[in-house]
Amino acid sequence: MKPSPQPGSPPDAARRFAGISQNRSLARGLEILRAFKPGTDLLGNGELAERTGLSAATVSRLTQTLVTCGFLDHDRSARAYRLAAPVLSLGHAMRAASPVLKAATPLMRDVSNKLRVNVGLASADRAEMVYLESIRYNRKASLRTIVAGQRVPIELTSLGRAYLATLDASTREGLLSGIRRGYRSASWKPIGADIEQAIAKVATRGYCLASWQPGVVAMSTPLCGLGSQALALNFSLITDEAPSSVEQQHAAHLLALKARITHELERQALAG
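All values derive from a computational prediction rather than experimental measurement.

Asks: For the overall build of the protein, give the residues involved together with the corresponding values.
Replies: Within the protein, the secondary structure is distributed over 10 helices and 8 strands. Counting all 272 residues of the protein, 42% fall into the buried class. Look at the contacts in the protein between residues 6 or more apart in sequence, and 57% of them connect residues 24 or more apart. Surface summary for the protein: the accessible area is close to 14900 Å², and the carbon and sulfur share equals 54%.

Okay, here's the thing in C-alpha cells:
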C-alpha cells in the first residue's frame, strides 16, 4: 500500500529526480519519521498507519527497523514509539553545516535587537514552512514560542505566501490544490483571495503581509538563488497596530536585511 498523497510534495525535487529509481523502503521509513510532529509524544503502529497511509504490517516492520537503528525508542508500557536522540543530532548537523544560516543568523540577530522585532527564516516542506532560524525579540519566555524546526501552514502565513510567489503558476496550483482539499469551499475563498493579493504584492513590492494570529502582524520576502529551493525571510510583531502601519515602518528594513544576507552569501561563496 502506498503512502497517502501529501499536499505540497517538493516540486523541485520531484522534477529533478523524475524517472530515477527510488528506494521504496527508505521512503516509507522516512514517512514514519515524518508522522511525528511537535506536540506528539508517542505514536503506536495503528496511529502511524493512519497518518502515513501504510499498511499495519508494513508499519510494524518499519518501526522495528527504526528501533534497531536507533531512530525510534519503544515504550513497552504504552506499546508506542517516540523519536530517539539521533533525530535531534541530524537536525543539529544540518543547522551547523548550513551556509545560509552561517551568513544570515548574525545579521538577523542584529536587526532583531535594533528594531525590536522577531526575525525568522523558513523553508518549504510540503504544505508547511519549517523555521530554519527564529530570533525572538520578546524578553518574556512565554512569548518566545517559535523556534527552529517549528512548522507553520503555507497558505495562512506571510512566509508561505512569499514562498508561493516564487513558484511558477503550474507548480503553485499543484501545491495549493492539495492544500485546498482540506478546506470547505466557503472557508477557502477568502484564503485564496489573500494568497493572490500576496503574490501580486511580492511581484510589485518584494514582500507580503499576513495577520493570521490575533495581535500578530508578519511580513515576509522571498530569499532566492540560495540553492535548490527558495527560502522566506520574515519580521513579526505582537502589536495592536494596523498591518499598513507595520508595513510603513518596517518594509524597507526587511528588504535591506534580505540584501545584506544575499551579499554576505555571495561574499562567502567567493571567499570559499
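Having put the structure on the table, let's press on.
Asks: Please set out the nonpolar core residue by residue, giving values where relevant.
Replies: Counting 27 residues, the largest nonpolar core has Met 108, Leu 121, Met 219, Leu 233, Phe 235, Leu 257 and Ile 261 as the members making the most contacts within it. Among the elements that take part in this core, helix α6 (residues 99-115) stands out by supplying 7 residues, more than any other. Not counting residues up to four positions away in its chain, the partners in contact with Met 219 are Ser 158, Tyr 207, Cys 208, Leu 209, Leu 233, Asn 234, Phe 235, Val 246, Glu 247, His 250, Ala 251 and Leu 254. In terms of nonpolar packing, the next biggest core, distinct from the first, is built from 25 residues, Ala 122, Leu 164, Ile 179 and Cys 208 among them.

Asks: Hey, could you go over the sheet that holds strand β4 (residues 128-135) for me, with residue numbers and the actual values?
Replies: One open sheet holds the 6 strands; their spatial order is β5-β4-β3-β8-β7-β6, and the pairing between them is antiparallel. Edge positions in the sheet fall to β5 (151-153) and β6 (208-210), since each has one partner strand and no second. Neighbouring strand axes in the sheet, compared pairwise and without regard to direction, differ in orientation by 35° on average. As defined by bridge partners, β6 adjoins strand β7 (residues 216-223) across 3 bridges and the pair is classed as antiparallel. Following the sheet pairing, Cys 208 is matched in β7 by Ser 220.

Asks: Tell me about helix α3 (residues 45-52), residues and numbers included.
Replies: For α3, the full list of buried residues reads Leu 48, Ala 49 and Thr 52. Down the axis, α3 shows its buried residues gathered within 100° of arc, on one side only. Counted as exposed and oriented over 90 degrees from the buried face of α3: Gly 46 and Glu 50.

Asks: Before we move on, could you go through the pairing of β7 and cite the residues and values that matter?
Replies: Extensive coverage of β7 is indicated by the burial of 7 of its 8 residues. Following β6, the chain reverses through 5 residues before pairing antiparallel with β7; Gly 215 in that reversal takes a positive phi of roughly 75°.

Asks: Got a sec to walk through the side chain of Ser 123? Specific residues and values, please.
Replies: Considering the arrangement of structural elements, one finds Ser 123 in strand β3 (residues 118-125). According to the relative accessible area criterion, Ser 123 is buried, its value standing at 13%. Excluding residues within four positions of it along the chain, Ser 123 makes contact with Glu 128, Met 129, Val 130, Leu 132, Gln 229 and Leu 231.

Asks: Before we move on, can you summarise helix α4 (residues 56-68) with the specific residues and values?
Replies: Here α4 contains 13 residues, and its C-alpha end-to-end distance of 18 Å stays within 8% of the 18 Å for a straight helix at 1.5 Å per residue. All buried positions along α4 are accounted for by Thr 58, Val 59, Leu 62, Thr 63 and Leu 66. Each buried residue of α4 lies within a common arc of 125° when the element is viewed along its axis, so the set occupies one face. In α4, those exposed residues whose orientation departs by more than 90 degrees from the buried face are Arg 61 and Thr 68. Just past α4, the residue Gly 70 takes up positive phi, approximately 90°.

Asks: Go over the packing of helix α2 (residues 24-34) against α4 with me, naming the residues and quoting the values.
Replies: For the pair α2 and α4, interaxial distance at closest approach is 10 Å and the crossing angle is 80°. Considered as vectors, α2 and α4 are oriented roughly perpendicular to each other. Only Thr 58, Val 59, Leu 62, Thr 63 and Leu 66 of α4 make contact with α2, whose side of the interface consists of Ser 25, Arg 28, Gly 29, Ile 32 and Leu 33. Considering only residue class, the contact of α2 with α4 consists of 5 nonpolar, 4 polar and 1 charged.

Conventions we followed
- Residues numbered from 1 in each chain as written.
- Predicted model: local features only at pLDDT ≥ 70, side-chain atom pairs only at ≥ 80, totals over all residues.
- Heavy atoms only, no water.
- Helix = DSSP H or I, 4+ residues; strand = E, 2+ residues; numbered from the N terminus.
- Buried < 20%, exposed > 50% of the residue type's maximum accessible area, 1.4 Å probe, protein only.
- Contact = heavy atoms within 4.5 Å.
- Areas by Shrake-Rupley, 256 points an atom, 1.4 Å probe, with all protein chains shown as cover.
- Core = buried A, V, L, I, M, F, W, Y, C linked by side-chain atoms within 4.5 Å.
- Pairing = 2+ DSSP bridges.
- Axes fitted to C-alpha atoms, helices over the stretch in contact; angles between N-to-C directions.
- Arc of directions from axis to C-beta.
- Expected span 1.5 Å × (residues − 1).
- Parallel < 35°, antiparallel > 145°, perpendicular 65-115°, else oblique.
- Nonpolar A, V, L, I, M, F, W, Y, C, P; charged D, E, K, R; others polar.

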